[in-house]
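Below, each chain spelled out in residue letters.
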Amino acid sequence: MTTAPLGQLPGQTRRGERILIGLAVGLTLLFIAAPLVFIFVRAFAQGWQVYAANILHPATLHAIWLTTITAIIVVPLNVGFGIAAAWAVAKHRFPGRGILVTLIEIPFSISPIIAGICYLLLYGRQGLLGPWLQANDIQVVFALPGIVLVTMFVTAPFVAREVLPLMQAQGSEQEQAAVTLGANGWQIFTRVTLPNIKWALLYGAVLCTARAVGEFGGVSVVSGNIRGQTNTLPLHVELLFNDLNAVGAFAAASTLTLIAVVALVIKAILEGRRQS
Amino acid sequence: MSITISGLTKRFAKTDVLRGVELGVDKGELVALLGPSGSGKTTLLKIIAGLEWPDTGRLRVDGQDWLKLAAQDRRIGFVFQHYALFPHMKVRENLAFGLSVRPRAERPGKTIIAAKVDELLHFLQIDHLADRYPAQLSGGQRQRVALGRALAIEPKVLLLDEPFGALDAAIRRDLRRWLRGVHEATGSTTIFVTHDQEEAFELADRVVVMGEGQIAQIGDADTIHDHPATPFVARFMGATVELPVTLLAGRAEGAGLDLSTLPRRALPDGAGRLFVRAEDITPVPEPDAPWRIVSRTSTGAHLRLVLRHPKLGEAEAEVPRRAVRAEALTPDAAVRLKIEAGTIFSSAPNSAATQPSLQTKPIQLERSQ
């Protein structure tokens, strides 16, 4: 079955329509696809060997490792946080519920660099908790804990945002049915609630991962950009670029891009699953 | 299991949802909670289930205090209006859920659960649906599965919240008969909530009419239909025409009304209100009568007449279209209203009072016309 656009006979395409479609496709190619292709073109500009050498450079490897470990810590924590927050908001009524919903969304509206500065002021050497942390020999800022904290802040809403609307739409009748059938809290969660939000949860986790891997602004404030120590992949790309090592920068960028593309593909698959 | 409910109250924010409910349900009884939306019937059902908690009052089942028992431990079967099946489980798994979540010590073995599920599928006549997912079932089939899931744990009490509310009329009737059969076969104490009178009366042993958080009347179809206990029940049961009358020595009189068929009632003298169904009003043409026919509509089998009294406003009557005098019932005809059946409530502040000399002003009806 073919459906004609409003106010048109089937098979009749207006010129204006063609121009609009052409424009949309053209702009997408120019502004989104072309830079992606360009990254790989530049990364491989001097051949495989140079590319491999750049990727295998200890500083780059360390950056990849640091970014990976950050994501590995941050994503599960935020999945847990997202489920807990969505559960609390969707299935319960309590004072301050509306405020909680707003609070969860704050990281979306605050520039990550502000978050970075806040953490610096809180945990830094001259910060509020600085003296105590120093006395107990805990290094937060300019180290992995700081990077993890800022990334967590920036990516906090992703899972909750995906899961919450679904939980609200489903209501709590299934859980109530499970209760009357004798299920305990854990059984209800694992056998009724979780299967219902499975795809939304994975979708949120993928978005959260993509964002965690790509986080730049907030991390750049708290990490201190120490090469081979606190340099995450996005920071490393900038560093290499400032070193005028274009191939190196693009090689590092290509790994980031690859992660993003993989995330995108998984996201598309999950979206299909979620609709069925 | 016999259920005893006393003094149950419940407040949501600023609304009193239940205002002192007293109810006893015998073992093996099938009881309907009937009432309009907002009457508190679902809240009462959820309190029995343990999904809501009352502010005050008592709930005892076979002498045991159920308000000290969590929903998980009450062993009740609850059926929701919108089924609440687990969408990611096949019918078979839905039915097995209640048994499979039991603590390890009490949990039957896998083969026993499977056998039990097969038995249920057969009993509920849904064998062929065993391996489908809820999304692949029709509404009626889903509700059968939902009931099966509740029955699987051999509940002490079966509770159903508007179980057929989301289904169309034919399937409703079908399922009603089926549920009655299931009830008789299992012998479980069953309470169901409905706003559908026909459903309540056809299915239940006893009907509990609820209004504004209280039980208004308990009885069978005939009692509630013919002798509503309160104006609320009368209105709810379809006696929507409300006419002022004057009571004298148990007899009622009203403007342009022929109330001779109504039996004498032990009501105090003074003003009263008559509640009557449109089909129990027969307009009789009479030149000097105060009522006039305003409009006449045919619904095929019946004529619906809107009548107007200069002082009392409008009333509606319904007569068979092929009735003898139906042709004379044309717009603008003057009629007297013969009341075939109806209920009168005294307007005295306390209608239970036996003082005949209560200072209520009889409405001067005859002055008009």
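Calculation criteria
- Residues numbered from 1 in each chain as written.
- Chains lettered and ligands numbered in written order.
- Predicted model: local features only at pLDDT ≥ 70, side-chain atom pairs only at ≥ 80, totals over all residues.
- Pairing = 2+ DSSP bridges.
- Helix = DSSP H or I, 4+ residues; strand = E, 2+ residues; numbered from the N terminus.
- Axes fitted to C-alpha atoms, helices over the stretch in contact; angles between N-to-C directions.
- pLDDT = per-residue confidence, 0-100.
- Domains from an automatic or database assignment.
- Contact = placed C-beta atoms within 7 Å.
- Nonpolar A, V, L, I, M, F, W, Y, C, P; charged D, E, K, R; others polar.

### Notes on the sheet that holds strand S4 (residues 56–61) of chain B
The strands making up a sheet associate through backbone hydrogen bonding, with each pair oriented either parallel or antiparallel.
All names here are of chain B.
Here is step 1: Taken together, 4 strands build an open sheet; the order of strands is S2-S1-S4-S5 and the sheet is antiparallel. The sheet is open, and its two borders are formed by strand S2 (15–25) and strand S5 (64–65), each paired with just one other strand.
Here is step 2: Sheet analysis places strand S1 (residues 3–12) next to S2, joined by 8 bridges and oriented antiparallel. Note that in S2 the partner of Ile-5 across the bridge is Leu-23.

### Some points on the sheet that holds strand S12 (residues 251–253) of chain B
Residues and elements named next belong to chain B.
Here is step 1: With antiparallel pairing, the 4 strands of this open sheet are ordered in space as S12-S11-S14-S20. Each having just a single partner strand, S12 and strand S20 (343–346) make up the two edges of the open sheet. Across the sheet, the mean angle from the axis of one strand to that of its neighbour is 40°, orientation sign disregarded.
Here is step 2: Examined bridge by bridge, strand S11 (residues 241–248) and strand S14 (residues 270–276) share 7 bridges and lie antiparallel to one another. Across the sheet, residue Leu-243 finds its bridge partner in S14, namely Leu-274.

### Quick notes on the confidence of the model for chain A
Low-pLDDT stretches of the model should not have their predicted coordinates read in fine detail.
Here is step 1: In the predicted model, chain A carries a mean pLDDT of 88, and the fraction of residues at 70 or more is 94%.
Here is step 2: Here helix H13 (residues 246–275) of chain A is the element of chain A with the lowest mean pLDDT, 85, and helix H9 (residues 173–180) of chain A is the one with the highest, 94.

### Comments concerning the domain arrangement of chain B
Size of an interface: often given as the accessible area lost when the parts come together.
Here is step 1: Segmenting chain B into domains produces domain 1 (3–226) and domain 2 (238–346).
Here is step 2: Summarising the inter-unit geometry, the C-alpha centres of domain 1 of chain B and domain 2 of chain B are found 41 Å apart.

### Describing the pairing of S14 of chain B
Here is step 1: Taken together, the 4 bridges between S14 of chain B and S20 of chain B define a ladder with antiparallel strand orientation. Of the residues in S20 of chain B, the one forming a bridge with Arg-273 of chain B is Phe-345 of chain B.

### Focus: the interface of chain B and chain A
Here is step 1: Listed per partner, the contact involves 17 residues of chain B and 14 residues of chain A.
Here is step 2: Taken together, the elements giving at least two residues each to the side of chain B that touches chain A come down to helix H2 (71–74), strand S6 (76–79) and helix H3 (91–100) of chain B.
Here is step 3: Among the residues making up the side of chain B that touches chain A, the classes are represented as 11 nonpolar, 4 polar and 2 charged.

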